[in-house]
Amino acid sequence: MAIEARGIQRSAGERLAIVECYAAMFMLGFMISLLGPSLPGLAERTGVTLPQAGFLFTLFSGGSIAATLFVAPLNDRPVRRWTFLLGTLLMAASLYLLSVSRTFLQAGAAIALGGLAMSTGGTVPNALFLDLYRERAGRALNGLHMFAGIGSFIGPLVTAVVYRGGGDYAISYRLASGMMLVVALLWLFARPPLPVRRAEAAAGSDRSWLWPLFFVLSLALLYTGTEQVLAGWLFTYGRDALSMLAPVASVATSLFWGAVLVGRLTAVAALRRLSNVRLVQVCLVLALGGIALILGGRSWPILFWIGVALVGAGFGPIFPTGLVLSSELAPQRSGTVATWFVAAGSLGAMFLPAAAGGLIPLIGVAGSIALSFAPIGLMLLTMHFISARAR
């Protein structure tokens, strides 16, 4: 779903690189979406409680942040071609290792490796698309991340099919490992474009962009943490609070990611009329309404399904559009800043889901999901400051 300008001719190797970016984002979404439905099975196999298993989110994000410290500057350099290859190979390895883990230590090490791999290879497509599409970056990145939404939608469905067939989550992880390995090997034939050297690079000593960048990175932190709370605990909420069977609860997770996909698809068209800032603000208001409906689902189950769809659709465009907002602040370092944005998101995913899981014994799964009102409200406040600067 490339947003091409007319008259642009690309080589076969460059076209393959674009296709590979879409494939990598699909696999990232597929991989991340498996964790929520597989969490009860992982907890049982490794001998820990469900809230303790929520610490796996923290380890995944910790690995991602550790990699970012090294990878961020490389995304504005030609070597990013090889960081993509390394990252996809590590993701394939981590998925397989997680499928065979029998202890919490083994599972934690495997998932931390997956987070490290995500920031090593999974941030390269963002940098490539910022270089390739520039003026159309908002639409292009929403299109790119739409494929992550497709992967996230399919992942829990695969898990549901496996459960119905009497299997366990390990089968899904092994399938994902094999698919990621194919993506890595095909990259050897790709010829991605070199980083763009913009005229703004001459202004590299200017640091005026750092303060507004703080608000954009705060958006990433709050958004990703809240997204992972919902993606990780919707399955448990449906199973425990609404008495759903495991296959049905898995469908709820897929509905969330499917709505994320629809939201990003809609954003490609909406950004013809709305600014990046206004789009994010509208999406956050939709998400607030969706959370209220999810909680109302304890009395009227249909509200749960409507709320899940509404939150997913609202959340969908926020992350890719936020990537564009971050790159606009420092276009001479777009790859680096975009990677910082991903790292800030990983920081949120490190703490918020684990905190929500830790509070379950005190306030229940419904209470943990209700706490999502707070970070969404803070995101709206953050967007107010960003909007004021844009004016």
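Residues numbered from 1 in each chain as written. Predicted model: local features only at pLDDT ≥ 70, side-chain atom pairs only at ≥ 80, totals over all residues. Heavy atoms only, no water.

*Asks:* Would you explain the packing of aromatic side chains in this entry?
*Replies:* How two aromatic rings sit relative to each other is given by the distance of their centres and the angle of their planes. As enumerated under the stated definition, the model contains 14 aromatic pairs in all. Taking the centre distance of 5.0 Å and the plane angle of 25° together, the rings of Phe 215 and Phe 385 count as stacked. You can see Phe 215 sitting in helix α9 (residues 210-241) and its partner Phe 385 sitting in helix α15 (residues 373-390), a full 170 residues away along the chain. The class of Phe 215 is buried, set by a relative accessible area of 14%. Here Phe 319 and Phe 341 contribute two aromatic rings whose centre-to-centre distance is 5.0 Å and whose plane-to-plane angle is 55°, an arrangement assigned as tilted. Of the two residues, Phe 319 sits in helix α13 (residues 318-329) while Phe 341 sits in helix α14 (residues 334-370), which places them 22 residues apart along the sequence. There is no split in this pair, since Phe 319 and Phe 341 are both buried. Put simply, the rings of Tyr 22, Phe 129, Tyr 133 and Phe 147 touch in pairs and so form one group of aromatic residues. (Phe/Tyr/Trp six-rings, centres within 6.5 Å; stacked < 30°, edge-to-face > 60°. Helix = DSSP H or I, 4+ residues; strand = E, 2+ residues; numbered from the N terminus. Buried < 20%, exposed > 50% of the residue type's maximum accessible area, 1.4 Å probe, protein only.)

*Asks:* When you look at the environment of Leu 34 in this model, what are you seeing that I'm missing?
*Replies:* With respect to the element layout, Leu 34 can be found in helix α1 (residues 12-46). Separated by 122 residues in the primary sequence, Leu 34 and Pro 156 have C-alpha atoms spaced 5.9 Å apart. Not counting the four nearest positions on each side in its chain, Leu 34 is found in contact with Gly 155, Thr 159, Ser 172, Tyr 173 and Ala 176. (Contact = heavy atoms within 4.5 Å.)

*Asks:* Looking at this structure, I do not really get the pattern of salt bridges. What am I missing?
*Replies:* For side chains bearing opposite charge, pairing can occur when the charged atoms are close. Within the structure shown, the criterion is met by one salt bridge. When the shortest N-O distance is used, the salt bridge between Arg 80 and Asp 131 registers 3.0 Å. With a gap of 51 residues between them, Arg 80 in helix α4 (residues 80-100) and Asp 131 in helix α6 (residues 124-133) connect regions that are remote in the sequence. Both residues of the pair, Arg 80 and Asp 131, belong to the buried class. (Salt bridge = Lys/Arg side-chain N within 4 Å of Asp/Glu carboxyl O.)

*Asks:* Is there a simple way to explain empty space enclosed by the protein in this structure?
*Replies:* In this approach the atoms are scanned with a rolling probe the size of a water molecule, which exposes any empty space left behind. Taken as a whole and judged by the stated rule, the model has two cavities of 30 Å³ or more. The calculated volume of the largest cavity comes to roughly 560 Å³. Lining the largest cavity are 34 residues, with Ile 32, Phe 60, Met 118, Glu 227 and Gln 228 positioned closest to its centre. For the lining of the largest cavity, the secondary-structure elements that each account for two or more residues are α1, α3 (55-71), α4, α5 (104-121), α7 (137-164), α9, α10 (246-270) and α14. Looking at the lining of the largest cavity element by element, the count peaks at six residues for α1. (1 Å grid on protein atoms, 1.4 Å probe; cavity = no way out; pocket = protein on both sides within 12 Å on 5 of 7 lines; lining within 4 Å. Points joined across faces, edges and corners; volume = space filled by probe spheres on them.)

*Asks:* Looking at this structure, how should I read the confidence of the model for the chain?
*Replies:* As a note on interpretation, predicted positions should not be read in detail where pLDDT is low. Of the residues in the chain, 94% have a pLDDT of 70 or more, and the chain-wide mean is 84. Ignoring residues within four places in sequence, the model shows residues 198-204, a span with pLDDT below 50, making ten contacts including any to other chains. (pLDDT = per-residue confidence, 0-100.)

*Asks:* Would you mind showing me how to read the packing of α1 against α9 here?
*Replies:* Relative placement of two packed helices is described by the angle separating their axes and the distance separating the axes. Relative to each other, α1 and α9 sit at 35°, their axes nearing to 9 Å. When the axes of α1 and α9 are compared, the crossing they make is right-handed. Two secondary-structure elements touch here, α1 through Ile 32, Gly 36, Pro 37, Leu 39 and Pro 40 and α9 through Gln 228, Ala 231, Gly 232, Trp 233, Phe 235 and Arg 239. Looking at the contact of α1 with α9 residue by residue, the classes come out as seven nonpolar, three polar and one charged. (Axes fitted to C-alpha atoms, helices over the stretch in contact; angles between N-to-C directions. Left-handed = near helix turned anticlockwise from the far one by under 90°. Nonpolar A, V, L, I, M, F, W, Y, C, P; charged D, E, K, R; others polar.)

*Asks:* How should I be thinking about the side chain of Ser 172 in this particular structure?
*Replies:* In this fold, Ser 172 is placed in helix α8 (residues 169-186). Those residues in contact with Ser 172 that lie beyond four places of it in its chain are Phe 30, Leu 34, Val 158, Thr 159 and Val 162.

*Asks:* Whenever I open this one, the nonpolar core confuses me. Can you help?
*Replies:* Nonpolar side chains in soluble globular proteins generally cluster together in the buried interior. Grouped together as the largest cluster of nonpolar side chains are 108 residues, with contacts concentrated most on Phe 129, Phe 256, Phe 304 and Phe 315. Take this core: its biggest share by element is 16 residues, from α1. With residues up to four places along the chain from it excluded, the contact list for Phe 315 reads Tyr 223, Thr 226, Glu 227, Leu 230, Phe 256, Ala 287 and Ile 376. (Core = buried A, V, L, I, M, F, W, Y, C linked by side-chain atoms within 4.5 Å.)

*Asks:* Looking at this structure, how should I read the packing of α1 against α5?
*Replies:* Taken N-terminus to C-terminus, the directions of α1 and α5 make an angle of 170°; their axes are 12 Å apart at the nearest point. Comparing their axes, α5 and α1 come out roughly antiparallel. Only Phe 104, Ala 107, Ile 111, Gly 114 and Met 118 of α5 make contact with α1, whose side of the interface consists of Leu 28, Met 31, Ile 32, Leu 35, Leu 42 and Thr 46. The residue inventory of the contact of α1 with α5, partitioned by class, reads nine nonpolar, two polar and no charged. (Parallel < 35°, antiparallel > 145°, perpendicular 65-115°, else oblique.)

*Asks:* For this particular structure, what's the right way to read a nonpolar patch on the surface?
*Replies:* A cluster of nonpolar side chains, Val 79, Trp 82, Leu 89, Leu 181, Val 182, Leu 185, Leu 186, Leu 188 and Phe 189, forms an exposed patch at the surface whose accessible area comes to about 810 Å². Listed by contribution, the elements that provide at least two residues to the nonpolar patch are α4 and α8. It is α8 that contributes the most residues to the nonpolar patch, four residues altogether. (Patch = residues over 30% accessible without salt bridge, like charges linked within 9 Å, V, L, I, M, F, W, Y side chains within 5 Å. Areas by Shrake-Rupley, 256 points an atom, 1.4 Å probe, with all protein chains shown as cover.)

*Asks:* How should the side chain of Asn 142 be read in this particular structure?
*Replies:* In this fold, Asn 142 is placed in helix α7. On the basis of relative accessibility, which here comes to 0%, the residue Asn 142 falls in the buried class. Reaching out from Asn 142, the side chain makes a polar contact with the side chain of Thr 321 at a distance of 3.1 Å. Setting aside anything within four residues of it in sequence, one finds Asn 142 in contact with Arg 264, Ala 267, Val 268, Leu 271, Gly 316, Pro 317, Pro 320 and Thr 321. (Polar contact = N/O pair within 3.5 Å; in protein donor to acceptor, adjacent residues only side chain to side chain.)

*Asks:* So what exactly am I meant to see when it comes to α9 here?
*Replies:* Residue pairs three or four apart in sequence face the same way in an α-helix, which turns once every 3.6 residues. Look at α9: 44 Å from first C-alpha to last across 32 residues, which is about the 46 Å you get at 1.5 Å a residue. At Trp 233, α9 shows its maximal bend, which comes to roughly 45°. Counting buried positions along α9 gives 24 out of 32 residues, so the element sits mostly inside the fold. A positive phi of about 60° marks Ser 243, the residue just after α9. (Expected span 1.5 Å × (residues − 1). Bend = angle between axes of the 7 residues up to and from the residue.)

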